[in-house]
Amino acid sequence: MKLIKQLDIVLLLLWCILSFNFIENVNSSLISPILPPYHICLRSIEGPVIYPSDSRFQSLIIDDNIRVNYTPSVLVYAVNNEDVKNAVKCAVKWKTDIVPRSGGHSYEKYSLGGRDNVIVLDVTLINDITINSNSEPKTAKIGAGNRLGNIYVKLSEAGFLIPAGTCPSVGIGGHALGIGYCSRTYGITCDNVISMEMVNAKGELLHIDSTSHPKLFFALRGAGGGSYGIVTSYVFHIHPAPPQATYMRFAFNRTNLAQVHQLIFALNEVGPLIDNKIGLKLRLFKTSLIATVLYLGPRTEAKNAMKDFLSKAPERISSEYNQLTFLEAIIAVADVSEYDMYHPSHHPIFFKLKSFYVNQGEGLNQAAINDLVDFSNRASCEVLTTFDLYGGKINIDRHNTSFVHRNALYCIRMQMESYEALSPQCIDEMDNFGRRFQYKINSTSSYQGFIDRSLDNWQSRYYGNIFGKLVEIKNEYDPNNLFNFPQSIPISY
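Residues numbered from 1 in each chain as written. Predicted model: local features only at pLDDT ≥ 70, side-chain atom pairs only at ≥ 80, totals over all residues. Heavy atoms only, no water.

Some remarks on the domain arrangement of the protein
Reasoning step 1: In terms of domain boundaries, the protein breaks down into domain 1 (39–122), domain 2 (129–241 + 465–477) and domain 3 (245–461).
Reasoning step 2: For domain 2 versus domain 3, the distance between C-alpha centres works out to 24 Å.
Reasoning step 3: Taken together, the contact between domain 2 and domain 3 spans 33 residues of the former and 45 residues of the latter.
Reasoning step 4: If you sort the residues of domain 2 by the area they bury against domain 3, Ile 179, Tyr 181 and Arg 184 come out on top, with a joint share of 30%.
Reasoning step 5: For the pair domain 2 and domain 3, the interface holds 1 salt bridge.
Reasoning step 6: The salt bridge involving Asp 191 is made with Arg 406; its shortest N-O contact spans 2.7 Å. (Domains from an automatic or database assignment. Contact = heavy atoms within 4.5 Å. Buried area = accessible area lost by both parts, 1.4 Å probe. Salt bridge = Lys/Arg side-chain N within 4 Å of Asp/Glu carboxyl O.)

Structure representation (C-alpha cells):
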C-alpha cells in the first residue's frame, strides 16, 4: 500500500512537470515568433540576422522603388566572406532560394527576390575600399556593399575615379555593369573590373579574373546581377581625377516641336564625333528640355568641345558653365546635395521604367520623335525621357565582357514616377507604348541595368546572340539554379 502511494505521488509529480512544460510550450508558441527551419543554421552568421518579427524588418525592406514590394523570410547582413559562404551553405542544405542585395536599387525588386519568402543576403557591411596607387594599372579593391557616393568620395580624396553612375545610394554590387558621365572616356564600369571575389553555389569563395575562371569573368562583366553567385568584392582599374571638371547645363524650348526635333537631330549628327571627355544627357520633360553635360577638364576647353554640338542645336533659353572640382561636378550632374553624396540614403518613390537603344546610323527620325513627345504630353502620369550619349570607349568592342550594346548611339530611358502609387492605367500606357515604339527604331535592344519585368523577349533584348553562352556558363557553375529570380540567367531556354 505504501508503495502504491509512493507511486501515485511520483506519477502526480510527473504529470505536473509535463503539464507545466506543455503550458510553457503553448505560451512560448503564442509569444515567440515562428522562425524558418534554417534559423539554427544561420546562427553561424557573425553579422545581423533580421526576421520579419523584428521591429526593424519593415524599414529594412523599403528601398528606392516602392511600386513593387516583397517580403523575404530573412535578411542576412554579411560582414565578411565567411558569412556569405555560411549563408549559401544554409540555403543549399534547406533547399531555399537566396538572392544578393547590394544597394537595393533593382527596379523590379529582384534584390528582394522578385517574390516572397527568400533569403536576402545583404552585403552592405562588406564595404572596405583599399587603394593601391603603386600598382600598374592603379587599382582599388572595393567591397560589394559600397554605395556610389562613398566610392566617389573615397576615390576623389585620393585623386582617382571609376566611371560609374551618379545616384549616390546605388550599390556597386548591382551597378558593376553601369554607364556614367565618364564612360565615354574610360569605358563602362564593368570594363574596368580587373578581378572579383564570388561565393558560388557550393559556398566556395572563388577568385575570378581573365585567367582564373575566365568564363565567369566574361559572364559577370555585363550579365552578373546575381545569376551566378554572390560577388563580395571587385578590384577596379582606377583613373586620375582631373584637377578641374566643368558642369554644363543648357535649357531649350520644350513647347516648340521644331526645336525638339533640331536638338535630337544635333545629337544624331554630332554625338558620335563629340569629344570623348564629354558625358552628355538630354532630358525631355512634359514642360522642359534640358541638356546636362560633364567635361573632364577646365571651362575654356569645355566651351570649345561643345561648339559643334551647340552650333547645330536650337537657340538656348539659358546656359551654364561651372568649373568645379571633380567631386563637385559629380554632385552637380547628379543633382543631389553634398550631404547625400557623403551620406547616401534611399528616397522612396513609385516608378516604372522602359529602355531602348538607338544604334549608330540615322538616330531617331522625325516620326519617332513625334511619338515620344506625344506620349509625354498625353500620358496619365508624369514621364521623363532621358537620352544617354554613347560612343567613345563605350563602343569599343570587348569580347571578354557580356555587355553587347557596343554599337549604340544613345540609350533612351523612359521613366514614370510619382510620390503616390502609379495607377494600373499608367503602367499599361507605358508598357503599350514601349511595345509599339520598339519597332520604330533601328534596334531591338534594351539595357539590362534598367531591368523591366514586362519586357517581351528580354533574353535577346538584353543579351543579344550571347544568351546561349550565358546559359552554358550558368549550367557549369550553378546547375541547380540556386541563384534565381525573374529574368535571371536560366539553366535552360
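The discussion continues.
Details of the side chain of Asn 200
Reasoning step 1: One can find Asn 200 in the loop between β8 (193–199) and β9 (205–208).
Reasoning step 2: Only 3.0 Å separates the side chain of Asn 200 from the backbone nitrogen of Lys 202, close enough to count as a polar contact.
Reasoning step 3: Reaching out from Asn 200, the side chain makes a polar contact with the backbone nitrogen of Glu 204 at a distance of 2.8 Å.
Reasoning step 4: Excluding its chain neighbours within four sequence positions, the residues that come into contact with Asn 200 are Val 88, Leu 206 and Phe 483. (Helix = DSSP H or I, 4+ residues; strand = E, 2+ residues; numbered from the N terminus. Polar contact = N/O pair within 3.5 Å; in protein donor to acceptor, adjacent residues only side chain to side chain.)

Points about the pairing of strand β2 (residues 74–77)
Reasoning step 1: Burial along β2 is two-sided: the face carrying Val 74 and Val 76 and the face carrying Leu 75 and Tyr 77 are both buried.
Reasoning step 2: Note: strand β1 (residues 49–50) against β2, 2 bridges, orientation antiparallel. Across the sheet, Val 49 pairs through a bridge with Val 76, a residue of β2.
Reasoning step 3: Taken together, the 4 bridges between β2 and strand β4 (residues 119–122) define a ladder with parallel strand orientation. (Buried < 20%, exposed > 50% of the residue type's maximum accessible area, 1.4 Å probe, protein only. Pairing = 2+ DSSP bridges.)

Details of the packing of aromatic side chains
Reasoning step 1: Under the criterion given, the structure shown has 18 aromatic pairs.
Reasoning step 2: Relative to Phe 450, the ring of Tyr 447 lies with its centre 4.7 Å away and its plane at 85 degrees, an arrangement referred to as edge-to-face.
Reasoning step 3: What makes Tyr 447 buried here is its relative accessible area of 5%.
Reasoning step 4: Since its relative accessible area comes to 10%, Phe 450 is described here as buried.
Reasoning step 5: Aromatic pair Trp 458 and Phe 467: ring centres 6.0 Å apart, planes at 85 degrees, arrangement edge-to-face. (Phe/Tyr/Trp six-rings, centres within 6.5 Å; stacked < 30°, edge-to-face > 60°.)

What about the pattern of salt bridges?
Reasoning step 1: Taken as a whole and assessed by the stated rule, the structure comprises 19 salt bridges.
Reasoning step 2: For Lys 352, the salt bridge goes to Glu 108, with nearest N and O atoms at 3.2 Å. One end of the pair, Lys 352, is in strand β16 (residues 350–359); the other, Glu 108, is in the loop between β3 (98–101) and β4, with 244 residues separating them in the sequence. When sorted by exposure, Lys 352 lands in the same class as Glu 108, which is buried.
Reasoning step 3: Here Glu 269 makes a salt bridge to Lys 312, at a shortest N to O gap of 3.3 Å. Taken together, the positions of Glu 269 in helix α8 (residues 257–270) and Lys 312 in helix α10 (residues 307–312) put the pair 43 residues apart, joining distant regions of the chain.
Reasoning step 4: For Glu 269, a relative accessible area of 46% corresponds to the partly exposed category.

Here's the deal with the packing of α8 against helix α13 (residues 366–378)
Reasoning step 1: Here α8 crosses α13 at 120 degrees, and the two axes come no closer than 10 Å. One element, α8, and the other, α13, form an angle in the oblique class. Helix-helix and strand crossings are classified by hand; for α8 and α13 the assignment is right-handed. Taken together, the residues of α13 that come into contact with α8 (itself represented by Leu 257, Val 260, His 261, Ile 264 and Phe 265) are Gln 366, Ile 369, Asn 370 and Val 373.
Reasoning step 2: The residue inventory of the contact of α8 with α13, partitioned by class, reads 6 nonpolar, 3 polar and no charged. (Axes fitted to C-alpha atoms, helices over the stretch in contact; angles between N-to-C directions. Parallel < 35°, antiparallel > 145°, perpendicular 65-115°, else oblique. Left-handed = near helix turned anticlockwise from the far one by under 90°. Nonpolar A, V, L, I, M, F, W, Y, C, P; charged D, E, K, R; others polar.)

A look at the sheet that holds strand β12 (residues 245–252)
Two orientations exist for strands paired in a sheet by backbone hydrogen bonds: parallel and antiparallel.
Reasoning step 1: Taken in spatial order, the 7 strands line up as β15-β12-β14-β13-β17-β18-β16 in an open sheet, and their pairing is antiparallel. Each edge of the open sheet is held by one strand with a lone partner, namely β15 (318–324) and β16. Ignoring which end each strand starts from, the neighbouring axes of this sheet average 15 degrees apart.
Reasoning step 2: Its contacts with the sheet place α8 against β12, β13 (278–284), β14 (289–295), β17 (383–389) and β18 (408–418), and it is angled at close to 135 degrees to β18.

Details of the packing of helix α7 (residues 214–223) against helix α16 (residues 467–477)
Reasoning step 1: The contact between α7 and α16 brings their axes to 10 Å, and the two run at 120 degrees. The orientation of α7 with respect to α16, classified from their angle, is oblique. In the packing of α7 onto α16, the handedness of the crossing is left-handed. Touching Lys 215, Leu 216, Phe 218, Ala 219 and Ala 223 of α7 are Lys 469, Leu 470, Ile 473, Glu 476 and Tyr 477, all from α16.
Reasoning step 2: Looking at the contact of α7 with α16 residue by residue, the class counts come to 7 nonpolar, no polar and 3 charged.

Overview of the UniProt feature "domain: FAD-binding PCMH-type" (unreviewed entry) in the protein
Reasoning step 1: Taken from the UniProt record, the annotation "domain: FAD-binding PCMH-type" (unreviewed entry) applies to residues 68–241.
Reasoning step 2: A helix fraction of 24% and a strand fraction of 25% characterise residues 68–241, whose end C-alpha atoms lie 38 Å from each other. (UniProt positions renumbered as here; feature names shortened; annotations may be inferred.)

Quick look at helix α11 (residues 326–334)
Reasoning step 1: In terms of burial, α11 is largely enclosed, as 7 of its 9 residues are buried.
Reasoning step 2: Taken together, the buried positions of α11 are Phe 326, Leu 327, Ala 329, Ile 330, Ile 331, Val 333 and Ala 334.
Reasoning step 3: Elements in contact with the buried residues of α11: α4 (148–157), β7 (160–161), β12, β14, β15 and α12 (338–342).
Reasoning step 4: Residue Asp 335 follows α11 closely and has a positive phi angle near 60 degrees.

Considering the sheet that holds strand β5 (residues 129–132)
Reasoning step 1: Spatially, 5 strands are ordered β5-β6-β10-β8-β9 in an open sheet, and the strand pairing comes out antiparallel. Whereas interior strands pair on both sides, the edge strands pair on one side only; in this sheet they are β5 and β9. Here the average twist between neighbouring strands, direction ignored, is 15 degrees.
Reasoning step 2: One ladder, built from 5 bridges, connects strand β6 (residues 139–143) with strand β10 (residues 230–237); its direction is antiparallel. When the bridges of β10 are listed, Ile 142 appears paired with Tyr 234.
Reasoning step 3: Of the strands in this sheet, β5 and β6 are in contact with α4, which crosses β5 at around 35 degrees.

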